[in-house]
There are 2 protein chains.
Amino acid sequence: MDNRITAKGPKGVSHSRTLSLDAPWLAITIICVSATLSEAPLLLSPLLFFQLDSPFHHALWLPLQLGLALLPSPPLVSLGTTSFESPTPRILRDTRPTFKASLRRSESAIAAYFFDDHLKRFSNVFIFTQDNSHIMLHPVLRTPNERTRAVGDVVKCLGEELIPGIRKELYPVASLFGAPVFFLLERAAAPYFGIKAYGIQMNGYTERNGQKYLWIGKRSQVKTTYPGMLDHLVSGGLPHGIACMENVMKECEEEAGIPRSMSKEAVPVGAVSYGDIDGYRYKRDVLFCYDLKLPDDFIPKNQDGEVESFRLIPVSQVADVVRRTHFFKSNCSLVIIDFLFRHGYIGPDSLGYLELLQSLRSGDCS
Amino acid sequence: MDNRITAKGPKGVSHSRTLSLDAPWLAITIICVSATLSEAPLLLSPLLFFQLDSPFHHALWLPLQLGLALLPSPPLVSLGTTSFESPTPRILRDTRPTFKASLRRSESAIAAYFFDDHLKRFSNVFIFTQDNSHIMLHPVLRTPNERTRAVGDVVKCLGEELIPGIRKELYPVASLFGAPVFFLLERAAAPYFGIKAYGIQMNGYTERNGQKYLWIGKRSQVKTTYPGMLDHLVSGGLPHGIACMENVMKECEEEAGIPRSMSKEAVPVGAVSYGDIDGYRYKRDVLFCYDLKLPDDFIPKNQDGEVESFRLIPVSQVADVVRRTHFFKSNCSLVIIDFLFRHGYIGPDSLGYLELLQSLRSGDCS
């Protein structure tokens with residue numbers, strides 16, 4: 001089975017490389033097995049794997065090392081003897097403060113930093129300010145319905161080539177979460193317009209003999225976004241008109257076969273936010289985080305074909321995978337790091353604790 | 001028993017008023033009893049207490065209403081049908097951005113916005129920049145030891161009248177938590193110099209029939225700071241040379257008689273930060289938050305005379321006290337609001353969720 005890993009350069013140029021074998025699960029298998037065997041701090045180095053005197057390990061280490069060698073070096077924040085990737089620099093590669101500030105200046109401003117040339121031909125929908133720093137919606141579009149229809153027509157007109165992955169899910173555009181809706185926008189188009197989107201991510205965990213385990217999913221290879229990458233047990237966008245908790249329960253059912261009698265116990269535990277500039281897209285997400293403690297004998301079962309398989313992994317090993325690889329869908333890493341903070345897997349006596357916490361919480365959660 | 005409540009005006013002017021009876025515990029008693037009786041959303045209004053047909057309640061409501069009437073109106077953030085106080089405006093009454101920025105400009109800058117006139121006579125220790133925006137330590141003080149001794153002598157010289165409550169606890173002064181120590185400073189003097197201090201606060205809770213209860217302490221009337229106010233089960237400053245977790249276990253023993261076999265299970269769950277300008281003092285604190293789940297039958301017992309009494313209160317009632325009164329030592333409210341977020345007592349489907357979360361997490365956690 002192939003696992004496509006995409007590494008992006010600082011200017012948003014994409015390079016794709018294909019790794020043989022199933023690298024994400026392999027990484028976790030090796031991390032778990034070697035930790036069990038050695039009970040020493042884990043080092044994903046050839047040294048460790050050569051030292052393990054087992055044909056099983058000799059067979060595994062080569063593809064894994066190959067995978068690690070191909071991954072771009074992440075920026076690291078030192079944390080005691082180990083190190084976590086700092087979520088902000090990893091996800092937001094380009095900060096562009098002027099751009100961010102301009103987003104907040106006007107409620108009706110639609111920012112499309114790279115995308116604006118494509119919008120200039122729709123002068124009945126968009127108006128450009130003289131210095132090109134803002135794109136406004138045309139004032140003849142007076143009601144949310146009129147704006148929704150006009151922008152929707154533009155999205156349709158630009159087509160799949162410019163805005164791929166249209167899902168026919170409408171997301172609200174507003175100055176703040178819960179504020180009056182200015183108009184509704186196709187989910188796939190939101191990052192092209194720099195519009196903030198909201199989602200839910202749920203840490204599904206269980207406890208065995210006082211040790212916590214997280215249920216981790218591996219995304220289907222046929223998903224348009226992040227195929228084959230590691231994911232939470234349950235996650236999803238938040239379309240217009242559905243409450244967070246209702247969405248959690250709906251996604252629990254669809255993605256992991258968790259009945260409502262169980263998912264209604266999911267606990268809201270906060271939110272994280274990030275920005276990610278990638279080519280024409282400026283993704284601005286706020287993720288509402290949930291924890292759900294599952295019964296020991298529960299086994300998730302995907303219903304909608306979006307998840308290839310699930311595994312139950314000790315939290316400390318999940319932390320190692322987040323720290324040392326790029327196998328997790330990157331925004332999952334933020335939610336998992338938040339879980340590690342809240343459940344005591346990272347403590348203030350480790351060097352770099354406050355920097356990582358500050359970095360995790362410095363996103364615009366509005 | 002008297003309970004002194006201090007209300008401060010916007011210019012840092014202090015007014016003290018003395019209330020008869022023991023208002024903080026009274027508030028909680030009334031909140032708990034009336035919630036049990038009515039099982040309706042709690043309203044601390046005369047109406048509710050007149051409606052309760054019990055001599056017990058008639059005896060209680062007058063002093064409580066008196067207490068509430070004397071308290072200054074807090075700024076409120078709407079949160080669904082109820083409302084929480086926004087922690088930042090409540091604690092940081094005056095932001096003074098220039099002042100804060102100057103603190104970060106130089107590692108060796110000691111800011112003393114109001115206090116500087118008193119320092120001008122120590123020209124062998126402090127140097128003022130021409131525009132008076134910075135006070136630097138004299139460059140002849142080359143080592144941390146020399147600086148510690150020189151500033152310590154100044155603090156002694158200024159005396160109890162200007163810097164009350166000297167505790168003989170030395171706090172590190174550094175650019176960041178864990179960074180090399182520039183010098184050590186008496187704890188009580190830190191806010192007069194605008195120096196950041198670190199502390200620990202622990203939510204001690206227990207679970208009965210699936211409901212969570214927090215152990216709440218009432219500070220002794222003879223404490224120099226915040227006498228008689230409600231407090232966490234365990235909290236304390238973090239002096240130089242002691243690790244956070246060790247400090248938690250030490251304070252657990254001293255403040256609540258929690259043995260180390262129990263307190264070693266305390267879980268680090270994050271940190272909150274705030275600033276508070278009050279007369280000559282600019283308090284800048286980072287509080288490391290801990291949760292400790294206690295056995296159902298454990299009863300805390302204060303060992304050092306700093307706590308007058310403890311009570312076990314359902315979390316939802318604690319939330320009501322934080323929301324509706326000023327009886328909690330104000331930085332405790334932040335740590336409790338953080339607990340409410342992490343344990344699902346506030347959820348994203350309530351209006352104002354993200355504003356309150358953003359406000360809680362916007363402090364400078366460095």
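What you see is a predicted model; the values in this text were computed from it and never measured.

S.K.: Which parts of the structure should I look at to understand the environment of A:Ile258?
M.R.: Residues and elements named next belong to chain A. Along the chain, the position of isoleucine 258 falls in the loop between α8 (244-256) and α9 (260-263). On the basis of relative accessible area, isoleucine 258 is assigned to the buried category, the value being 0%. Expressed as a C-alpha distance, the spacing of isoleucine 258 and phenylalanine 298, which sit 40 residues apart in the sequence, is 8.8 Å. When neighbours within four sequence positions are excluded, isoleucine 258 is seen to be in contact with Met202, Leu233, Val234, Cys252, Glu253, Ser263, Leu292, Leu294 and Phe298.

S.K.: Explain the relation of the copies chain A and chain B to me, please; I cannot follow it from the model alone.
M.R.: Rotating chain A by 180° and translating it 0.0 Å along the rotation axis places it on chain B, where the RMSD comes to 0.0 Å. Taken together, the rotation and translation relating the two chain copies correspond to the operation of a two-fold axis. Across chain A, the rotation axis passes nearest the C-alpha of A:Arg361, at a separation of 3.3 Å. A share of 100% of interface residues in chain A that are also interface residues in chain B marks the association as one of identical surfaces.

S.K.: How should the confidence of the model for chain A be read in this particular structure?
M.R.: Residue and element names in this part refer to chain A. With 68% of its residues at a pLDDT of 70 or more, chain A shows a mean pLDDT of 73. Here residues 1-21 scores under 50 on pLDDT; set against residues more than four positions off or in separate chains, the count is 49 contacts. For residues 34-113, every residue scores under 50 in pLDDT, and the model assigns this stretch 166 contacts once sequence neighbours within four places are set aside.

S.K.: For this particular structure, what's the right way to read the interface of chain A and chain B?
M.R.: Often, the extent of an interface is quoted as the loss of accessible area upon association of its parts. Contacts between chain A and chain B engage 34 residues on the former and 34 residues on the latter. Regarding the contact of chain A and chain B, the summed buried area is about 2,500 Å², with carbon and sulfur atoms giving 57% of it. A per-residue breakdown of the area chain A buries against chain B is headed by A:Pro348, A:Leu354 and A:Arg361, which together make up 26% of the total. Across the chain A-chain B interface, the total number found is 0 salt bridges. If you look at where chain A meets chain B, you find 14 residue pairs in polar contact (both at pLDDT 80 or more). For the side of chain A that touches chain B, the secondary structure elements donating two or more residues are α8, β13 (267-278), β14 (281-293), α11 (330-342) and α12 (353-361) of chain A. The leading source of residues in the side of chain A that touches chain B is α12(A), at 6 residues. Taken together, the residues of the side of chain A that touches chain B break down into 21 nonpolar, 8 polar and 5 charged.

S.K.: Help me understand the pairing of strand β9 (residues 196-208) of chain A in this model?
M.R.: The side chains of a regular strand alternate, residue by residue, between the two faces of the sheet. All names here are of chain A. Most of β9 is tucked away, with 11 of its 13 residues classed as buried. Taken together, the 10 bridges between β9 and β14 define a ladder with parallel strand orientation. Paired with asparagine 203 across the bridge in β14 is aspartate 291. By the bridge criterion, 4 bridges tie β9 to strand β12 (residues 234-237) in an arrangement that is antiparallel. Looking at the pairing, glutamine 201 lines up with serine 235 of β12. As consecutive antiparallel partners, β9 and strand β10 (residues 211-219) are separated by 2 residues, and within that stretch asparagine 209 has a phi angle of approximately 50°, a positive value.

S.K.: Would you explain unusual backbone geometry in this entry?
M.R.: Among all residues save glycine, negative phi is the norm, and among peptide bonds the norm is trans. Of note in this structure, A:Tyr226 is not a glycine but carries a positive phi near 50°. Position of A:Tyr226 among the secondary structure elements: in the loop between β10 and β11 (230-231). Positive phi, close to 60°, is recorded for B:Lys168, a residue that is not glycine. Take B:Lys168: it is sitting in the loop between α7 (144-162) and β7 (170-173).

S.K.: Any chance you could explain the environment of B:Pro348 here in plain terms?
M.R.: Mapped onto the secondary structure, B:Pro348 falls in the loop between α11 (330-342) and α12 (353-360). For B:Pro348, a relative accessible area of 4% corresponds to the buried category. The contacts of B:Pro348, once residues within four sequence positions are left out, are A:Phe177, A:Cys244, A:Pro268, A:Phe288, A:Tyr290 and B:Tyr353.

Rules used throughout
Residues numbered from 1 in each chain as written. Chains lettered and ligands numbered in written order. Predicted model: local features only at pLDDT ≥ 70, side-chain atom pairs only at ≥ 80, totals over all residues. Heavy atoms only, no water. Helix = DSSP H or I, 4+ residues; strand = E, 2+ residues; numbered from the N terminus. Buried < 20%, exposed > 50% of the residue type's maximum accessible area, 1.4 Å probe, protein only. Contact = heavy atoms within 4.5 Å. Least-squares fit on C-alpha atoms with pLDDT ≥ 70 in both. pLDDT = per-residue confidence, 0-100. Buried area = accessible area lost by both parts, 1.4 Å probe. Salt bridge = Lys/Arg side-chain N within 4 Å of Asp/Glu carboxyl O. Polar contact = N/O pair within 3.5 Å; in protein donor to acceptor, adjacent residues only side chain to side chain. Nonpolar A, V, L, I, M, F, W, Y, C, P; charged D, E, K, R; others polar. Pairing = 2+ DSSP bridges.

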